[in-house]
Amino acid sequence: MDAQHLNLIYLMVAAALATFATRFGGYVLITQLKRIPPRLEAALNAVPAAVLTTLVAPAFVYGGFDVAAAMLVAFAIGLRFSTLRMLLVGWVVVMVIRHAIL
Amino acid sequence: MNRDDFRAGLRGGFPVMLSASPFGALFGALAVDNGFSVADAVFMSATVYAGASQMVGIELFGNNVQPWLVVLSVFAVNFRHVLYSASIAKHIRHYTLVQKLLAFFLLVDPQYAESERRAERGLPVTFSWYLGFGLVIYFPWILNTLIGALFGQLIGDPKAIGLDVLLPIYFLGLVLGFRKRDRFLPVVATSAVASVAAMHFVGSPWHVSIGALAGILLAAVLPPEHRLRQEHAPVEKEA
(Lines give C-alpha, C1' and ligand atoms only; values in the text may rest on other atoms or scores of the structure.)
Protein backbone atom coordinates (compact mmCIF):
# COMPACT_ATOMS: atom_id res chain seq x y z
CA MET A 1 0.00 0.00 0.00
CA ASP A 2 1.57 3.31 -1.06
CA ALA A 3 1.64 6.44 1.09
CA GLN A 4 -1.12 8.24 -0.75
CA HIS A 5 -3.49 5.34 -0.42
CA LEU A 6 -2.66 5.05 3.26
CA ASN A 7 -3.50 8.73 3.63
CA LEU A 8 -6.86 8.09 2.01
CA ILE A 9 -7.60 5.33 4.53
CA TYR A 10 -6.67 7.66 7.42
CA LEU A 11 -8.82 10.36 5.89
CA MET A 12 -11.85 8.08 5.64
CA VAL A 13 -11.41 6.87 9.22
CA ALA A 14 -11.20 10.51 10.35
CA ALA A 15 -14.33 11.34 8.34
CA ALA A 16 -16.11 8.38 9.93
CA LEU A 17 -15.10 9.56 13.41
CA ALA A 18 -16.21 13.13 12.61
CA THR A 19 -19.59 11.80 11.49
CA PHE A 20 -19.94 9.63 14.55
CA ALA A 21 -19.03 12.64 16.70
CA THR A 22 -22.01 14.58 15.31
CA ARG A 23 -24.34 11.63 15.93
CA PHE A 24 -23.07 11.14 19.46
CA GLY A 25 -22.29 14.77 20.27
CA GLY A 26 -25.86 16.01 20.61
CA TYR A 27 -26.54 13.37 23.23
CA VAL A 28 -23.50 14.50 25.20
CA LEU A 29 -24.28 18.21 24.74
CA ILE A 30 -27.90 17.93 25.81
CA THR A 31 -26.77 16.56 29.16
CA GLN A 32 -24.02 19.20 29.59
CA LEU A 33 -24.54 22.48 27.79
CA LYS A 34 -27.19 25.04 28.78
CA ARG A 35 -27.13 27.16 25.61
CA ILE A 36 -25.07 28.01 22.51
CA PRO A 37 -24.24 31.74 21.93
CA PRO A 38 -26.48 33.16 19.14
CA ARG A 39 -23.63 34.26 16.87
CA LEU A 40 -21.98 30.85 17.09
CA GLU A 41 -25.30 29.20 16.35
CA ALA A 42 -25.79 31.48 13.33
CA ALA A 43 -22.30 30.63 12.07
CA LEU A 44 -22.83 26.89 12.57
CA ASN A 45 -26.21 27.10 10.84
CA ALA A 46 -24.58 28.66 7.79
CA VAL A 47 -21.75 26.12 7.53
CA PRO A 48 -23.34 23.49 5.26
CA ALA A 49 -24.82 25.95 2.74
CA ALA A 50 -21.57 27.97 2.69
CA VAL A 51 -19.36 24.91 2.13
CA LEU A 52 -21.63 23.31 -0.45
CA THR A 53 -22.00 26.55 -2.40
CA THR A 54 -18.23 26.61 -2.98
CA LEU A 55 -18.63 23.23 -4.73
CA VAL A 56 -21.48 24.50 -6.90
CA ALA A 57 -20.64 28.06 -7.98
CA PRO A 58 -17.21 27.46 -9.58
CA ALA A 59 -18.56 24.43 -11.46
CA PHE A 60 -21.31 26.64 -12.83
CA VAL A 61 -18.96 29.48 -13.85
CA TYR A 62 -15.98 27.47 -15.14
CA GLY A 63 -17.62 24.16 -16.12
CA GLY A 64 -18.53 25.13 -19.66
CA PHE A 65 -21.82 25.89 -21.39
CA ASP A 66 -23.20 22.34 -21.24
CA VAL A 67 -22.68 21.99 -17.49
CA ALA A 68 -24.06 25.48 -16.77
CA ALA A 69 -27.19 24.79 -18.83
CA ALA A 70 -27.78 21.46 -17.07
CA MET A 71 -27.32 23.10 -13.67
CA LEU A 72 -29.76 25.90 -14.49
CA VAL A 73 -32.47 23.46 -15.57
CA ALA A 74 -31.75 21.25 -12.54
CA PHE A 75 -32.06 24.29 -10.28
CA ALA A 76 -35.55 25.02 -11.64
CA ILE A 77 -36.52 21.36 -11.10
CA GLY A 78 -35.02 21.35 -7.61
CA LEU A 79 -37.31 24.15 -6.43
CA ARG A 80 -40.25 21.77 -6.80
CA PHE A 81 -39.02 18.20 -7.07
CA SER A 82 -36.61 15.70 -5.52
CA THR A 83 -32.83 15.55 -5.92
CA LEU A 84 -33.23 12.36 -7.94
CA ARG A 85 -35.30 14.20 -10.55
CA MET A 86 -32.81 17.07 -10.59
CA LEU A 87 -30.05 14.57 -11.40
CA LEU A 88 -32.08 12.82 -14.05
CA VAL A 89 -33.16 15.98 -15.87
CA GLY A 90 -29.71 17.59 -15.57
CA TRP A 91 -28.13 14.47 -16.96
CA VAL A 92 -30.55 14.40 -19.91
CA VAL A 93 -29.80 18.06 -20.66
CA VAL A 94 -26.04 17.54 -20.66
CA MET A 95 -26.28 14.39 -22.79
CA VAL A 96 -28.52 16.11 -25.36
CA ILE A 97 -26.15 19.07 -25.62
CA ARG A 98 -23.07 16.86 -25.92
CA HIS A 99 -24.36 14.23 -28.30
CA ALA A 100 -27.20 15.85 -30.26
CA ILE A 101 -26.30 19.52 -30.49
CA LEU A 102 -22.50 19.78 -30.33
CA MET B 1 -34.69 -8.93 20.84
CA ASN B 2 -38.34 -8.69 19.89
CA ARG B 3 -38.93 -10.35 16.54
CA ASP B 4 -42.16 -8.50 15.74
CA ASP B 5 -40.56 -5.12 16.42
CA PHE B 6 -37.52 -6.07 14.36
CA ARG B 7 -39.75 -7.07 11.44
CA ALA B 8 -41.76 -3.85 11.78
CA GLY B 9 -38.46 -1.97 11.58
CA LEU B 10 -37.44 -3.88 8.45
CA ARG B 11 -40.77 -3.06 6.82
CA GLY B 12 -40.53 0.61 7.77
CA GLY B 13 -36.99 1.02 6.49
CA PHE B 14 -37.58 -0.80 3.21
CA PRO B 15 -38.96 2.17 1.18
CA VAL B 16 -36.19 4.38 2.56
CA MET B 17 -33.66 1.80 1.42
CA LEU B 18 -35.19 1.77 -2.08
CA SER B 19 -35.05 5.55 -2.45
CA ALA B 20 -31.47 5.70 -1.12
CA SER B 21 -30.24 2.94 -3.46
CA PRO B 22 -29.60 5.12 -6.54
CA PHE B 23 -27.50 7.45 -4.38
CA GLY B 24 -25.47 4.54 -3.05
CA ALA B 25 -24.74 3.41 -6.59
CA LEU B 26 -24.03 6.99 -7.64
CA PHE B 27 -21.56 7.38 -4.80
CA GLY B 28 -19.78 4.18 -5.81
CA ALA B 29 -19.48 5.28 -9.44
CA LEU B 30 -18.31 8.81 -8.60
CA ALA B 31 -15.85 7.59 -5.98
CA VAL B 32 -14.13 5.42 -8.60
CA ASP B 33 -14.23 8.34 -11.01
CA ASN B 34 -12.46 10.45 -8.36
CA GLY B 35 -9.62 7.96 -8.01
CA PHE B 36 -10.93 5.64 -5.29
CA SER B 37 -10.59 1.89 -5.63
CA VAL B 38 -13.72 -0.25 -5.37
CA ALA B 39 -12.64 -1.33 -1.88
CA ASP B 40 -12.10 2.32 -0.82
CA ALA B 41 -15.61 3.25 -1.91
CA VAL B 42 -17.15 0.33 -0.04
CA PHE B 43 -15.01 1.07 3.02
CA MET B 44 -16.19 4.66 3.10
CA SER B 45 -19.87 3.72 2.81
CA ALA B 46 -19.47 1.15 5.58
CA THR B 47 -17.63 3.46 8.00
CA VAL B 48 -18.92 7.00 7.33
CA TYR B 49 -22.45 5.95 6.31
CA ALA B 50 -23.71 9.43 5.38
CA GLY B 51 -24.51 9.97 1.71
CA ALA B 52 -24.11 13.71 1.28
CA SER B 53 -20.89 14.01 3.23
CA GLN B 54 -19.41 11.02 1.42
CA MET B 55 -20.01 12.82 -1.88
CA VAL B 56 -18.40 15.96 -0.49
CA GLY B 57 -15.49 13.86 0.75
CA ILE B 58 -14.70 12.28 -2.63
CA GLU B 59 -15.06 15.62 -4.44
CA LEU B 60 -12.64 17.38 -2.10
CA PHE B 61 -10.22 14.47 -2.06
CA GLY B 62 -10.18 14.40 -5.86
CA ASN B 63 -9.12 18.06 -5.79
CA ASN B 64 -6.26 17.47 -3.33
CA VAL B 65 -7.83 19.67 -0.68
CA GLN B 66 -6.00 19.67 2.66
CA PRO B 67 -7.07 16.67 4.80
CA TRP B 68 -8.25 18.80 7.75
CA LEU B 69 -10.62 20.65 5.44
CA VAL B 70 -12.05 17.41 4.09
CA VAL B 71 -12.76 16.17 7.60
CA LEU B 72 -14.14 19.56 8.63
CA SER B 73 -16.45 19.59 5.61
CA VAL B 74 -17.73 16.12 6.41
CA PHE B 75 -18.33 17.31 9.95
CA ALA B 76 -20.09 20.45 8.69
CA VAL B 77 -22.40 18.60 6.30
CA ASN B 78 -23.35 16.18 9.07
CA PHE B 79 -23.61 18.82 11.75
CA ARG B 80 -27.41 18.60 11.83
CA HIS B 81 -26.95 15.13 13.33
CA VAL B 82 -25.97 16.85 16.58
CA LEU B 83 -29.57 18.04 16.76
CA TYR B 84 -30.82 14.53 16.01
CA SER B 85 -28.78 12.86 18.70
CA ALA B 86 -29.77 15.55 21.19
CA SER B 87 -33.48 15.20 20.55
CA ILE B 88 -33.52 11.41 20.23
CA ALA B 89 -31.82 11.02 23.62
CA LYS B 90 -35.11 10.85 25.53
CA HIS B 91 -36.43 7.96 23.41
CA ILE B 92 -33.40 5.71 23.72
CA ARG B 93 -32.52 6.32 27.36
CA HIS B 94 -33.25 2.67 28.17
CA TYR B 95 -30.69 1.27 25.66
CA THR B 96 -27.48 -0.24 27.02
CA LEU B 97 -24.25 1.63 26.23
CA VAL B 98 -23.41 -0.72 23.35
CA GLN B 99 -26.95 -0.36 21.98
CA LYS B 100 -26.63 3.42 22.20
CA LEU B 101 -23.32 3.44 20.33
CA LEU B 102 -24.84 1.28 17.59
CA ALA B 103 -27.94 3.51 17.50
CA PHE B 104 -25.82 6.65 17.07
CA PHE B 105 -23.78 5.02 14.32
CA LEU B 106 -26.98 4.27 12.38
CA LEU B 107 -28.55 7.70 13.01
CA VAL B 108 -29.10 8.93 9.44
CA ASP B 109 -31.87 11.43 8.55
CA PRO B 110 -34.72 8.97 7.92
CA GLN B 111 -33.73 6.93 10.97
CA TYR B 112 -34.10 10.04 13.11
CA ALA B 113 -37.33 11.17 11.46
CA GLU B 114 -39.02 7.76 11.78
CA SER B 115 -37.92 7.34 15.39
CA GLU B 116 -39.45 10.69 16.29
CA ARG B 117 -42.65 9.82 14.43
CA ARG B 118 -42.88 6.47 16.16
CA ALA B 119 -42.48 8.10 19.56
CA GLU B 120 -45.07 10.72 18.64
CA ARG B 121 -47.60 7.99 17.88
CA GLY B 122 -47.04 6.62 21.36
CA LEU B 123 -45.10 3.54 20.25
CA PRO B 124 -41.88 2.68 22.09
CA VAL B 125 -38.66 3.14 20.10
CA THR B 126 -37.43 -0.33 21.03
CA PHE B 127 -33.91 -1.36 20.13
CA SER B 128 -35.31 -4.24 18.05
CA TRP B 129 -37.36 -1.86 15.93
CA TYR B 130 -34.50 0.64 15.63
CA LEU B 131 -32.02 -2.04 14.58
CA GLY B 132 -34.39 -3.53 11.99
CA PHE B 133 -35.04 -0.11 10.49
CA GLY B 134 -31.34 0.76 10.48
CA LEU B 135 -29.92 -2.47 9.09
CA VAL B 136 -32.35 -2.72 6.17
CA ILE B 137 -30.91 0.63 5.03
CA TYR B 138 -27.28 0.13 6.08
CA PHE B 139 -26.38 -3.14 4.34
CA PRO B 140 -28.03 -2.31 0.98
CA TRP B 141 -26.25 1.07 1.10
CA ILE B 142 -22.93 -0.78 1.13
CA LEU B 143 -24.04 -3.26 -1.51
CA ASN B 144 -25.24 -0.47 -3.82
CA THR B 145 -21.94 1.32 -3.38
CA LEU B 146 -20.18 -1.87 -4.50
CA ILE B 147 -22.45 -2.20 -7.53
CA GLY B 148 -21.93 1.46 -8.48
CA ALA B 149 -18.18 1.22 -7.99
CA LEU B 150 -17.89 -1.92 -10.14
CA PHE B 151 -20.09 -0.33 -12.79
CA GLY B 152 -18.05 2.89 -12.59
CA GLN B 153 -14.84 0.97 -13.27
CA LEU B 154 -16.25 -0.27 -16.55
CA ILE B 155 -16.83 3.28 -17.74
CA GLY B 156 -14.09 4.65 -19.96
CA ASP B 157 -14.73 8.39 -20.20
CA PRO B 158 -17.09 9.69 -17.50
CA LYS B 159 -17.75 12.82 -19.55
CA ALA B 160 -19.05 10.88 -22.54
CA ILE B 161 -21.87 9.45 -20.45
CA GLY B 162 -22.46 12.68 -18.54
CA LEU B 163 -21.24 11.44 -15.17
CA ASP B 164 -19.28 14.62 -14.44
CA VAL B 165 -22.37 16.83 -14.23
CA LEU B 166 -24.04 14.76 -11.53
CA LEU B 167 -21.88 15.85 -8.59
CA PRO B 168 -22.39 19.63 -8.99
CA ILE B 169 -26.13 19.05 -9.45
CA TYR B 170 -26.20 16.82 -6.40
CA PHE B 171 -24.51 19.57 -4.37
CA LEU B 172 -26.93 22.11 -5.81
CA GLY B 173 -29.77 19.95 -4.51
CA LEU B 174 -28.14 19.85 -1.09
CA VAL B 175 -27.76 23.65 -1.05
CA LEU B 176 -31.45 24.01 -1.94
CA GLY B 177 -32.30 21.73 0.96
CA PHE B 178 -31.06 24.44 3.34
CA ARG B 179 -33.04 27.26 1.74
CA LYS B 180 -35.46 27.66 4.68
CA ARG B 181 -32.64 28.62 7.01
CA ASP B 182 -31.94 32.12 8.33
CA ARG B 183 -29.67 34.22 6.08
CA PHE B 184 -29.70 31.57 3.34
CA LEU B 185 -29.58 33.93 0.36
CA PRO B 186 -26.86 36.30 1.63
CA VAL B 187 -24.73 33.34 2.77
CA VAL B 188 -25.05 31.51 -0.55
CA ALA B 189 -24.46 34.68 -2.60
CA THR B 190 -21.37 35.59 -0.57
CA SER B 191 -19.89 32.10 -0.69
CA ALA B 192 -20.63 31.84 -4.41
CA VAL B 193 -18.89 35.11 -5.29
CA ALA B 194 -15.99 34.46 -2.90
CA SER B 195 -15.40 30.92 -4.17
CA VAL B 196 -15.50 31.93 -7.83
CA ALA B 197 -13.13 34.82 -7.16
CA ALA B 198 -10.82 32.58 -5.11
CA MET B 199 -10.83 29.98 -7.88
CA HIS B 200 -9.76 32.71 -10.31
CA PHE B 201 -7.17 34.54 -8.21
CA VAL B 202 -5.86 31.88 -5.83
CA GLY B 203 -6.81 28.59 -7.45
CA SER B 204 -8.25 25.25 -6.39
CA PRO B 205 -8.55 23.91 -3.68
CA TRP B 206 -8.44 27.21 -1.80
CA HIS B 207 -11.76 28.29 -3.26
CA VAL B 208 -13.47 25.91 -0.83
CA SER B 209 -12.06 27.30 2.40
CA ILE B 210 -12.10 30.94 1.28
CA GLY B 211 -15.64 30.77 -0.09
CA ALA B 212 -16.99 28.86 2.92
CA LEU B 213 -15.32 31.20 5.40
CA ALA B 214 -16.80 34.27 3.68
CA GLY B 215 -20.36 32.93 3.99
CA ILE B 216 -19.90 31.71 7.57
CA LEU B 217 -18.43 35.04 8.73
CA LEU B 218 -21.29 36.92 7.11
CA ALA B 219 -23.82 34.74 8.94
CA ALA B 220 -22.11 35.44 12.26
CA VAL B 221 -22.12 39.22 11.64
CA LEU B 222 -25.62 39.67 10.17
CA PRO B 223 -28.56 40.27 12.52
CA PRO B 224 -31.01 37.32 12.61
CA GLU B 225 -33.90 37.35 10.13
CA HIS B 226 -36.45 36.05 12.57
CA ARG B 227 -36.41 34.46 15.97
CA LEU B 228 -37.47 30.91 15.36
CA ARG B 229 -35.07 29.07 17.60
CA GLN B 230 -34.53 25.40 18.36
CA GLU B 231 -37.96 24.06 17.42
CA HIS B 232 -37.38 24.81 13.72
CA ALA B 233 -34.55 22.30 13.27
CA PRO B 234 -36.10 20.73 10.19
CA VAL B 235 -35.26 17.24 9.05
CA GLU B 236 -33.25 17.92 5.96
CA LYS B 237 -33.31 15.51 3.12
CA GLU B 238 -30.24 13.51 2.47
CA ALA B 239 -29.47 10.60 0.26
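This is a predicted model, so every value here is computed, not measured.

A closer look at unusual backbone geometry
All names here are of chain B. Even without being glycine, tyrosine 49 reaches a positive phi, approximately 50 degrees. Following the sequence through the fold, tyrosine 49 ends up in the loop between α2 (38-47) and α3 (51-62). Overall, the relative accessible area of 2% leaves tyrosine 49 in the buried class.

A few points about the interface of chain B and chain A
The interface is formed by 81 residues belonging to chain B together with 62 residues belonging to chain A. The contact between chain B and chain A buries some 6200 Å² in all, and 75% of this surface belongs to carbon and sulfur atoms. The salt bridge partner of A:Arg98 is B:Asp164, with a shortest N-O separation of 2.9 Å. Counting across the chain B and chain A interface gives 21 residue pairs in polar contact (both at pLDDT 80 or more). The greatest single-element share of the side of chain B that touches chain A, amounting to 10 residues, is contributed by helix α9 (residues 166-177) of chain B.

Digging into the UniProt feature "transmembrane region" (unreviewed entry) in chain B
UniProt's entry tags residues 12-32, 68-86, 129-154, 160-177, 184-202 and 208-224 of chain B with the feature "transmembrane region" (unreviewed entry), counted in the numbering of this structure. End-to-end, the C-alpha atoms of residues 129-154 of chain B are 39 Å apart, and along that stretch the chain is 100% helix and 0% strand.

Describing the confidence of the model for chain B
Confidence in the prediction for chain B averages 88 pLDDT; 94% of positions are at 70 or higher. For the stretch residues 228-234 of chain B, pLDDT sits under 50, and the model shows four contacts to residues farther than four places along the chain or on other chains.

With respect to empty space enclosed by the protein
Under the criterion given, the structure shown has four cavities of 30 Å³ or more. Size it by volume and the second largest cavity reaches roughly 50 Å³. Elements supplying a minimum of two residues to the lining of the second largest cavity: α1 (3-32) of chain A together with α3 of chain B. The dominant element in the lining of the second largest cavity, judged by the number of residues it contributes, is α1(A), at four residues. Classifying every residue of the lining of the second largest cavity gives nine nonpolar, one polar and no charged.

Basis of the calculations
Residues numbered from 1 in each chain as written. Chains lettered and ligands numbered in written order. Predicted model: local features only at pLDDT ≥ 70, side-chain atom pairs only at ≥ 80, totals over all residues. Heavy atoms only, no water. Helix = DSSP H or I, 4+ residues; strand = E, 2+ residues; numbered from the N terminus. Buried < 20%, exposed > 50% of the residue type's maximum accessible area, 1.4 Å probe, protein only. Contact = heavy atoms within 4.5 Å. Buried area = accessible area lost by both parts, 1.4 Å probe. Salt bridge = Lys/Arg side-chain N within 4 Å of Asp/Glu carboxyl O. Polar contact = N/O pair within 3.5 Å; in protein donor to acceptor, adjacent residues only side chain to side chain. UniProt positions renumbered as here; feature names shortened; annotations may be inferred. pLDDT = per-residue confidence, 0-100. 1 Å grid on protein atoms, 1.4 Å probe; cavity = no way out; pocket = protein on both sides within 12 Å on 5 of 7 lines; lining within 4 Å. Points joined across faces, edges and corners; volume = space filled by probe spheres on them. Nonpolar A, V, L, I, M, F, W, Y, C, P; charged D, E, K, R; others polar.

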